Amino acid sequence: MTVGLVVVSHSRPLARAAAALASEMTQGRPVPIEIAAGLDETTSGTDAVAISEAIAAADGGDGVVVLMDLGSAVLSAETALELLDDDVRERVVLCPGPLVEGLVAAAVTAGTGGSREDVAAEALSGLAGKTGHVEPSVSRTTSGPSAVVRVLDPHGLHARPAARLVSEMRGFDALVELRNESTGSGWVPASSLTRVATLGVVEGQELGVRASGAQAREAVDRVVALAADAFGEASRGPGRSANAAASSPGIAVGPAFRLRRATLDVPAEQFRGSAAERRRLDDALVAARQAIGGLRGDIFEAHLVLLDDADLLGDARTRIDAGATAPAAWRDATDRVAAEFDALPDEYLRARAEDVRAVAAQVLRALLGVAAATIEGDGVLIADDLTPAEAILLDPARVAGVVLANGSPTSHAAILLRTRGIPAVVGAGHLEATVIALDGGTGEVVADPAPEVLDDFRERAERQKAVRDDARAVAAEPAVTTKGVTIHVGANIGSVAEARAAAANGADLAGLVRTEFLFLDRDEAPGEDEQVAVYRAIADALGGRRIVLRTLDAGSDKPLPYLPAPPEANPFLGVRGIRHSLAHRAMFAEQLRAIVRVARETPVSVMFPMITKVEELIEARRMLGDAAGLSVGMMVEVPAAALRASDFIPYVDFLSIGTNDLTQYTLAAERGNAGLLTLSAGLDPAVEQLIQQVCRAAGDRVTVAVCGELAADAAVVPRLLAAGVRELSVAPALVPLIKQAVRGT
């Protein structure tokens, strides 16, 4: 268990900001922090009843430390104690430490397992950072291993790296002390965040470390390693690409080698007549079909469909009849289609432009007699981009990782790399290097890393391999936290093949079935019987485990050719999700009938996307009708729905938080925009507060799940579970790792 914290302040915005800052310093360790601040959003004051409720919410059995801002807050806190049961009151400490500095220090200490007395004492010493320069420093160790390291971070040993250092030092059986060698400061304990802050270490200064005790040498060595990595601050070092995006998790280190791909320049050649040019194109199409037909997977089935696309072929043949050669006609026709995909606002559909270009290149190679790209080398592959056909041929035994200058994490090539377990980053820009080190889970990539950085990547790779091996060995077992709470870990799927992969990786359920895969890329909507057959096949692939069918999430961001929609200035804020379904009721009703039919045979839940108002949910349920045994839920991906979560509770059996959309709507930052990765990556404090609010509203009445990308972030999982999330859904290949993350929480 962990000591809980309560922030009592006259200002609610101040309390929230302080809590968010403290949470950022805990290095991903879940620390319950509740606030009882302000009488409302704008009125200052404190409320004893609200404080008592916050204490009850923060208390997990190890007690609670309460920090307060002004004198009357202390009086309110004392009154709140009188409202508590005796056994709870005995576990509460009212701490007079400074609110902001004390809360940060308390959170770090609580996150490393400190007792409530330790937490309160550390909070009380929060002012040491402001008084340390005039107080004498007391040294407690005079012998043992020592070292001097240089601080590389541009901001010095500021709060976040200092918090990481303190958190790690608390894990050693040793007395560790630090000093600023450059200023000649006194020695301070490395276990105290407030005392470390008094050192005032800035970029380029030297930090001294010494230790005594059973693990003194290990502790000193760890400080040296942390310093070499700038204490985890990720945007520093030669060759590091700040714009790279995480695409396929895993660490890769190795010599760099490049993809050898011949250019596909269409020559200025003599037009041979329409009949001859049409034959050239038809022969090239046959050759491309044969090449693609030898590859397995839903992606390549889609490529074959594209080769038979009437609109595309008709455009190319029209251009031939107008006097273009077969290569020129095919190039121009496919460029047009790719440009149409490029113009779509949805990230996933924009990535389909790469599929068009991949098929175009396959046919052009046949037309021009150019050989396919060759991959000759072992190590980390560097390329501008990859086609799915190139990605599927990569041998994981030879290709340790992939760095793409362009591309998107949602491209089919990126999906294949994840499926094959090859670490990758995309959007890294042009890199020239002899050796590459990359982390596909964070987007970190270093060209020609320094020896100490290289060693750090290799150590991380070894640790990750051990974790993956352990996770796979127990993938089929339940995920149970250290407190005995069972968390269901499901898979997000969009095909029958992905359902099979989910079952093979130990998924407890299909936590999100994107049913739009049945509706897109076709000339008419699937009928009821076709939908039933596919949903039944997914259920069969999962061996009868529950499947959560999200109703069609379409709109002008994911257009359906057979339901043309007027253009919208911002499709992400337009007619999509449930809005689209309620605007096309006949198709919606047909899908609901198909879902109800399958629910009579196997465990099924239905989930409505993009719900904003209670009236939308009520109308969707009315159209669904009475379906015995069918669990009904909704996506929480609009901030308004999160803020009003309690209003939806009477009408649902579960809530599933779609953190991808919730994040981009909350932060006004499109998740597919590489220039906004620093905004949209990770769990932002504002998004975390919305998740916490949803979980508080749900209580024990309905289950709260997360099916967005944050559910697949092992570092974020403890914070989601601490908020009250009880179900996670991720890509099939990541199920074993996330189950292990749950078990360690």
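Under an unreviewed UniProt entry, the protein chain has the name Phosphocarrier protein HPr and belongs to Paractinoplanes abujensis. Comment text from UniProt for the protein chain, heading Sequence similarities (unreviewed entry), reads "Belongs to the PEP-utilizing enzyme family." We quote the UniProt Cofactor (unreviewed entry) comment for the protein chain here in full: "Mg(2+)".

A look at the overall build of the protein chain
Of the regular secondary structure elements, the protein chain holds 30 helices and 24 strands. Counting over 745 residues, the protein chain shows a buried share of 51%. If you take every contact in the protein chain between residues at least 6 apart in sequence, the share linking residues at least 24 apart comes to 71%. Within the structure as shown, the protein chain displays about 31300 Å² of accessible surface, and the carbon and sulfur contribution to it stands at 52%.

Some details on the nonpolar core
By size, the foremost hydrophobic cluster in this structure holds 86 residues, and its most contacted members are Ile547, Phe608, Leu630, Met634, Ile691 and Leu728. Counting residues per element, this core draws most heavily on helix 22 (residues 585-599), which supplies eight residues. The contacts of Met634, once residues within four sequence positions are left out, are Met607, Phe608, Ile611, Leu617, Ala641, Phe648, Val652, Phe654, Leu655 and Ser656. Met25, Val104, Ala163 and Ala211 belong to the second largest nonpolar core, which has 51 residues in total.

Here's the deal with the sheet that holds strand 5 (residues 146-150)
Across the sheet, four strands lie side by side as 5-8-6-7; this open sheet has antiparallel pairing. Sheet topology places strand 5 and strand 7 (188-189) at the edges, where each strand pairs with a single neighbour. Set on the sheet, helix 10 (residues 216-228) makes contact with strand 5, strand 6 (175-180) and strand 8 (206-212); between it and strand 5 the angle comes to about 10°.

As for unusual backbone geometry
One non-glycine residue, Asp448, lies in positive phi territory at about 45°. Within the secondary structure layout, Asp448 lies in the loop between strand 15 (444-447) and helix 18 (451-473). Unlike most non-glycine residues, Met610 shows phi in positive territory, near 60°. Of note, Met610 is situated in the loop between strand 20 (604-608) and helix 23 (614-624).

Quick word on the sheet that holds strand 9 (residues 245-248)
Pairing within the open sheet is mixed, and its seven strands lie in the order 9-13-12-11-10-14-15. Every interior strand has two partners, whereas the edge strands, strand 9 and strand 15, have only one. Here the average twist between neighbouring strands, direction ignored, is 30°. Pairing of strand 9 with strand 13 (residues 424-426), which is carried by three bridges, proceeds in the antiparallel orientation. Directly across from Ala246, in strand 13, lies its bridge partner Val425. Along the sheet, helix 18 contacts strand 10 (251-258), strand 14 (435-439) and strand 15; its crossing angle with strand 10, the most-contacted strand, is approximately 120°.

Quick look at the packing of helix 22 against helix 23
Their axes nearest at 9 Å, the elements helix 22 and helix 23 cross at an angle of 60°. As judged from the angle between their axes, helix 22 and helix 23 are oblique. By crossing handedness, the relation of helix 22 to helix 23 is classed as right-handed. Residue-level contacts link Arg585, Phe588, Ala589, Leu592 and Val596 of helix 22 to Glu619, Ala620, Arg622, Met623 and Leu624 of helix 23.

Things to note about a nonpolar patch on the surface
Taken together, the side chains of Leu14, Leu21 and Val100 present a nonpolar region at the surface, about 200 Å² in accessible area. Residue placement: Leu14 occurs in helix 1 (residues 12-24). On the basis of relative accessibility, which here comes to 37%, the residue Leu14 falls in the partly exposed class.

Here's the deal with the confidence of the model for the protein chain
Averaged over all residues, the pLDDT of the protein chain equals 83, while 88% of them reach at least 70. With pLDDT under 50 throughout, residues 133-141 is counted as low confidence; its partners more than four residues away or in other chains account for 19 contacts. Counted against residues more than four places away or in other chains, residues 234-242, with its pLDDT under 50, gives 18 contacts.

Some words on the packing of aromatic side chains
For the coordinates displayed, the defined rule picks out one aromatic pair. Relative to Phe608, the ring of Phe588 lies with its centre 6.2 Å away and its plane at 75°, an arrangement referred to as edge-to-face. Of this pair, Phe588 sits in helix 22 while Phe608 sits in strand 20, and the two are 20 residues apart along the sequence. The exposure class assigned to Phe608 is buried, which follows from its relative accessible area of 0%. The ring of Trp187 has Arg210 sitting right over it, with the charged end atom 4.0 Å from the ring centre. The ring of Phe457 has Arg460 lying over it, and the distance from NZ or CZ to the ring centre is 4.5 Å.

Quick look at the packing of helix 5 (residues 99-111) against helix 6 (residues 116-124)
The interhelical angle for the contact between helix 5 and helix 6, taken along N-to-C directions, is 150°, at an axis separation of 7 Å. On the basis of their axis angle, the class for helix 5 and helix 6 is roughly antiparallel. For the crossing formed where helix 5 meets helix 6, the hand is right-handed. In this structure, helix 5 uses Gly102, Ala105, Ala106, Thr109 and Ala110 to contact helix 6, whose residues at the interface are Asp118, Val119, Glu122 and Ala123. Tallied by class, residues from the contact of helix 5 with helix 6 come to five nonpolar, two polar and two charged.

Definitions and cut-offs
Residues numbered from 1 in each chain as written. Predicted model: local features only at pLDDT ≥ 70, side-chain atom pairs only at ≥ 80, totals over all residues. Heavy atoms only, no water. UniProt positions renumbered as here; feature names shortened; annotations may be inferred. Helix = DSSP H or I, 4+ residues; strand = E, 2+ residues; numbered from the N terminus. Buried < 20%, exposed > 50% of the residue type's maximum accessible area, 1.4 Å probe, protein only. Contact = heavy atoms within 4.5 Å. Areas by Shrake-Rupley, 256 points an atom, 1.4 Å probe, with all protein chains shown as cover. Core = buried A, V, L, I, M, F, W, Y, C linked by side-chain atoms within 4.5 Å. Pairing = 2+ DSSP bridges. Axes fitted to C-alpha atoms, helices over the stretch in contact; angles between N-to-C directions. Parallel < 35°, antiparallel > 145°, perpendicular 65-115°, else oblique. Left-handed = near helix turned anticlockwise from the far one by under 90°. Patch = residues over 30% accessible without salt bridge, like charges linked within 9 Å, V, L, I, M, F, W, Y side chains within 5 Å. Salt bridge = Lys/Arg side-chain N within 4 Å of Asp/Glu carboxyl O. pLDDT = per-residue confidence, 0-100. Phe/Tyr/Trp six-rings, centres within 6.5 Å; stacked < 30°, edge-to-face > 60°. Lys NZ or Arg CZ within 6 Å of the ring centre and 35° of its normal. Nonpolar A, V, L, I, M, F, W, Y, C, P; charged D, E, K, R; others polar.

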